[in-house]
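Here is what each chain is made of, one letter per residue.
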Amino acid sequence: MENGALQIAGLVLGGIGLVGTCAITGMPQWRVTAFIDNNIVVFEMQWEGLWMNCVRQANIRMQCKMYDSLLALTPDLQAGRALMCVAILLAFLAFMTSIIGMKCTQCAGDNARTKGIILLVAGITFILSGIVVLIPVSWTGNQIIRDFYNPLVPPSLKRELGEALYIGWTTALLLVAGGIIMCCFFRSGQKEYRYTLPPKSTLPPKSVLSVPRQVVERKPSSLYSKSQYV
């Protein structure tokens, strides 16, 4: 019962990680406008994502535009797109594989060892997807922080960490946690071998039977001296 509950918990964490991966891939809030000037009147906010740019004016209207050309993008955006698509594919495969290896399903039969191997593959795939998500999110966050504290970058071009980056770090953590839980069932799914002692024999050990008995002849002692017979 406990193994089934842990498997469901790992599957839920992996499912949430899959949804989060798809969400941050399409969210435009990777880079957000940084208001660091003395001007306190803010009329518009700019969002930059992997696929589009958005401008929100006075919290009333928002306009988004897709990037015109893939070749015109910076290397970090190109790598981020590719890695996030790979992460979605890995998370989806891991989620479907973990369903096959669940204890409550009959897709792989009742063989505990086979299900343990399937859950191990699903767990490793979950961990790989979490690492793949972590790479572009951390890379973008590092560039934003580096440009923010760079005095050579104009204030109008400086950006802050968007909501998508925080969701990405949380998603990577959930994927890795779900993968670790799935990997733990590989050992428990292996066949256990029990060794039993042979039944005790009622006969004495062979070594005892093979020892020859020594017969000691006892001579009757005479209670009377020879003088009494005379």
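Keep in mind that this is a model prediction, so the values were computed, not measured. (Residues numbered from 1 in each chain as written. Predicted model: local features only at pLDDT ≥ 70, side-chain atom pairs only at ≥ 80, totals over all residues. Heavy atoms only, no water.)

A. Summary view of the state of the cysteines. Scanning all chains against the criterion turns up one disulfide. One disulfide bridge connects Cys54 with Cys64, the sulfur atoms lying 2.0 Å from each other. What sets the handedness of the Cys54 and Cys64 disulfide is the S-S torsion sign, and at about 110 degrees it is right-handed. With Cys54 in strand β3 (residues 52-57) and Cys64 in strand β4 (residues 61-66), this residue pair connects regions lying 10 residues apart in the sequence. Classification of Cys54 by relative accessible area gives buried; the value is 1%. For the unlinked cysteine Cys184, the closest cysteine sulfur is that of Cys183, found at 7.1 Å. (Disulfide = S-S within 2.5 Å. Helix = DSSP H or I, 4+ residues; strand = E, 2+ residues; numbered from the N terminus. Buried < 20%, exposed > 50% of the residue type's maximum accessible area, 1.4 Å probe, protein only.)

B. The pattern of salt bridges, seen in detail. This model, assessed by the stated rule, comprises two salt bridges. Here Asp76 makes a salt bridge to Arg31, at a shortest N to O gap of 2.9 Å. Note that Asp76 is positioned in helix α2 (residues 75-100) and Arg31 in strand β1 (residues 31-33), a separation of 45 residues in sequence. One salt bridge in this structure joins Arg159 and Glu48, with 3.2 Å as the shortest N-O distance. Here Arg159, found in strand β5 (residues 159-161), pairs with Glu48, found in strand β2 (residues 44-48); they are 111 residues apart in sequence, far enough to count as distant. Owing to a relative accessible area of 9%, Arg159 belongs among the buried residues under this scheme. By relative accessible area, which is 21% here, Glu48 ends up partly exposed. (Salt bridge = Lys/Arg side-chain N within 4 Å of Asp/Glu carboxyl O.)

C. A look at the UniProt feature "transmembrane region" (unreviewed entry) in the chain. Under the feature "transmembrane region" (unreviewed entry), the UniProt entry names residues 79-96, 117-139 and 164-186. As a span, residues 79-96 carries 100% helix and 0% strand, and end to end its C-alpha atoms are 26 Å apart. Between the end C-alpha atoms of residues 164-186 the distance is 34 Å, and the span holds 96% helix and 0% strand. (UniProt positions renumbered as here; feature names shortened; annotations may be inferred.)

D. Geometry of the packing of α2 against helix α3 (residues 112-148). Where α2 contacts α3, the two axes come as close as 8 Å, and the packing angle between them is 160 degrees. Considering the angle they form, α2 stands roughly antiparallel to α3. The chirality of how α2 crosses α3 is left-handed. Here the contact of α2 with α3 is composed, by residue class, of 20 nonpolar, six polar and one charged. (Axes fitted to C-alpha atoms, helices over the stretch in contact; angles between N-to-C directions. Parallel < 35°, antiparallel > 145°, perpendicular 65-115°, else oblique. Left-handed = near helix turned anticlockwise from the far one by under 90°. Nonpolar A, V, L, I, M, F, W, Y, C, P; charged D, E, K, R; others polar.)

E. Inspection of the pairing of β2 at higher detail. As judged from the two bridges shared by β1 and β2, these two strands associate in the antiparallel manner. Along β2, the bridge assignment pairs Val32 with Trp47. Note: β2 against β3, five bridges, orientation antiparallel. Directly across from Gln46, in β3, lies its bridge partner Val55. Between β2 and β3, which follow one another and run antiparallel, lie three residues. (Pairing = 2+ DSSP bridges.)

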